[in-house]
Amino acid sequence: MRRLGHHRLQHPKQGGGLKNMMGRLSIAVVVLLICTVSLLLSFSSTSTKADSRSAAYRSQINIEELWRSADFGGWRPSSAPRSDWPPPPAPSESNGYLRVRCNGGLNQQRTAICNAVLAARIMNATLVLPELDANSFWHDDSGFYGIYDVEHFISTLRFDVRIVERIPEIRKNGKTKKIKAFQIRPPRDAPISWYTTDALEKMKDHGAIYLTPFSHRLAEEIDNPEYQRLRCRVNYHALRFKPHIMKLSQSIVDKLRTQGHFMSIHLRFEMDMLAFAGCLDIFNPKEQGILKKYRKENFAPKVLNYGERRAIGKCPLTPEEVGLILHAMGFDNSTRIYLAAGELFGGDRFMKPFRTLFPHLKNHSSVEHTDELVENTSGLLGSAVDYMVCLLSDIFMPTYDGPSNFANNLLGHRLYYGFRTTIRPDRKALAPIFIDRENGRRAGFDEAVRRVMLKTNFGGPHKRVSPESFYTNSWPECFCQTSPQNPADKCPPDDVLQILSDRLKSETTDDLKPLTPLNLTVSEAER
């Protein structure tokens, strides 16, 4: 009985032990869950902090790196032909003479000259030295001879087209006769087929044609790399300013460099651009009246809403906005800036905030006091000097880069000239940030600007995507690699120029003078 009773007494004890064990196990599981959750939360917090630190790191811009050229990934500029490229036709084999009148400002004319050379090549024609329009904006009739080195231009392109200074007279039946060029207005962005049909037919009928106006009269995107490389040879090798302009520009650069690095900014806050963009509301009634009058006289009628255009980045940056961008990026008030601009519209009240942030501002007149610049500061000479100084500056920043304007061409030239750093503000992405600031929401302004700027390209090779112009980005057609993954990107042989020269010599005629070697690849010394 005792044994049974003892047995019965022991059974409850075993059940209680099991319950205790289960209780302890439950506590352990709960503790383990708590530890696991705590660990996960800790990891999540650490990860969040790490992401936060990473985001903070990504939002920083290394200013010292910007003063150097951008990463070029093994690419170098080269516009030499990479396939069979026959010499231009002898006079007796030419289809006729091509005259063009290049309208617009200096850089619009520059683009037109490149297109004229290509058009002559396409038509197997002899090019007459392009005419530069002495338009009402520039009030400058210096022409091609006044700005460019004509002998260098003709010599450099001797492998590509035959160029004469004027249409020669011909003798027929014992009489001297002038060839009258047949005038044609080319379609805008005309395809190659238009030149090989309509234009060529008129050239053969009349012996010469005169294309005017000649701005944007040849399509930019052409599925022929050799034609595109010809444009680069014209733009970056043949079109060299006259020696005194080059000397004047170099003198300004040397003076600016005496204290170290300098940045150039094309401050496009001028009457013509503001009127074109329709950005009037920030001005007083009198200034708005001036802009409206200029717009009516120079541009097609169009209803433009300032608020809408401002919100999508269609307005040129104000001087203050330019200063705020640079300040947010990390540039301090010791930064020396060269301003390439005409007369800024709206007076000093727009420049004062910029000058407060960056007091070391210069332009060509304040650096180099010459009578020639004083007399022609806003004409083609002043624009040419600004172009060269901006090309050679350590950093270049455009505030409004539209088709065929000053900044558009310079961006392409700086890319070709060794991937020099450019700062290209994304006006559309920056617009809401500036609007918020104007409405009093200034918290996080600098950080927001940096995030936008870090997404921009600082001058390295990048794919050309519409609406980016070929003249802004000629990569990859006008570049090559010494050790390429793609055979099409391989640099041409070192003796390619000798090959072309030998071909040309076999075609030499009396009207061709002895010529000096041509350099189609930018050397380290030139950079």
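Residues numbered from 1 in each chain as written. Predicted model: local features only at pLDDT ≥ 70, side-chain atom pairs only at ≥ 80, totals over all residues. Heavy atoms only, no water.

### What about the overall build of the chain?
To be explicit about the condition: A helix here means a DSSP run of H or I that spans at least four residues, while a strand means a run of E at least two residues long, and both kinds are numbered starting from the N terminus. In this description, accessible areas are obtained by the Shrake-Rupley approach with a 1.4 Å probe, and a residue is regarded as covered only by the protein chains that are shown.
Along its length, the chain carries 20 helices and 15 strands. As presented, the chain carries roughly 27,500 Å² of accessible surface, and 54% of it is formed by carbon and sulfur atoms.

### Some words on the state of the cysteines
Going by this rule: Cysteine sulfur atoms are paired as a disulfide whenever they come within 2.5 Å of each other.
For the structure on display, the rule yields three disulfides. Between the sulfur atoms of Cys-279 and its disulfide mate Cys-315 the distance is 2.0 Å. With the S-S dihedral at roughly -95 degrees, the linkage between Cys-279 and Cys-315 falls on the left-handed side. Placement of the pair is Cys-279 in the loop between α9 (271-277) and α10 (285-298) and Cys-315 in the loop between α11 (306-311) and α12 (319-329), with a sequence separation of 36 residues.

### Remarks on the environment of Glu-65
Looking at the element boundaries, Glu-65 is found in helix α2 (residues 63-66). A C-alpha to C-alpha distance of 9.2 Å links Glu-65 and Thr-421, two positions 356 residues apart in sequence.

### Structural notes on the sheet that holds strand β10 (residues 263-266)
Test applied: Strand pairing is assigned whenever DSSP identifies at least 2 bridges connecting the two strands. Whether two residues touch is decided by their heavy atoms; if any such pair falls within 4.5 Å, the residues are in contact. Angular values range over 0 to 180 degrees, each being the angle between N-to-C directions of two axes fitted as lines to C-alpha atoms, with helices fitted over their stretch in contact.
The five strands lie next to each other as β12-β11-β10-β13-β14, forming an open sheet whose pairing is parallel. Two strands lie at the open edges of the sheet, namely β12 (361-362) and β14 (421-422), each paired on one side alone. In this sheet, strand β11 (residues 337-340) lies alongside β10 in parallel orientation, the contact comprising four bridges. Residue Ser-264 lies in a different strand from β11, and its bridge partner there is Tyr-338. Strands β10, β11 and β13 (395-398) of the sheet are contacted by helix α16 (residues 380-392), whose axis makes an angle of about 145 degrees with β11.

### A closer look at helix α17 (residues 406-416)
Think of an α-helix as turning once every 3.6 residues; residues three or four places apart then point the same way. What counts is decided by this rule: For each residue, the accessible area found with a 1.4 Å probe, counting protein chains only, is set against the maximum for its type, and the residue is called buried under 20%, exposed over 50%, and partly exposed in between.
The buried count for α17 comes to 11 of 11 residues, which makes it a mostly enclosed element. Every buried residue belonging to α17 is among Phe-406, Ala-407, Asn-408, Asn-409, Leu-410, Leu-411, Gly-412, His-413, Arg-414, Leu-415 and Tyr-416, and all of these are buried. Just downstream of α17, Gly-418 is the residue with a positive phi angle, here 110 degrees.

### Description of the confidence of the model for the chain
Detailed reading of the predicted coordinates is not advisable wherever pLDDT is low. Selection criterion: One confidence number per residue, pLDDT, is output by the predictor and ranges from 0 to 100.
Summing up the model confidence of the chain, the mean pLDDT is 82 and the portion of residues at 70 or higher is 80%. Per-element averaging of pLDDT across the chain places helix α1 (residues 2-58) at the bottom with 43 and strand β9 (residues 208-211) at the top with 98. Taken as a whole, residues 1-16 scores under 50 in pLDDT and shows one contact with residues more than four places along the chain or in a different chain. For residues 509-527, every residue scores under 50 in pLDDT, and the model assigns this stretch 42 contacts once sequence neighbours within four places are set aside.

### As for the pattern of salt bridges
Operational definition: Any carboxyl oxygen of Asp or Glu that lies within 4 Å of a side-chain nitrogen of Lys or Arg is treated as forming a salt bridge with it.
On inspection of all chains with the given rule, the structure shows 19 salt bridges. We note a salt bridge from Glu-468 to Arg-424, for which the minimum N-O separation is 3.1 Å. Of the two residues, Glu-468 sits in the loop between α19 (445-454) and β15 (479-481) while Arg-424 sits in the loop between β14 and α18 (427-438), which places them 44 residues apart along the sequence. On the accessibility criterion, Glu-468 (16% relative accessible area) is buried.

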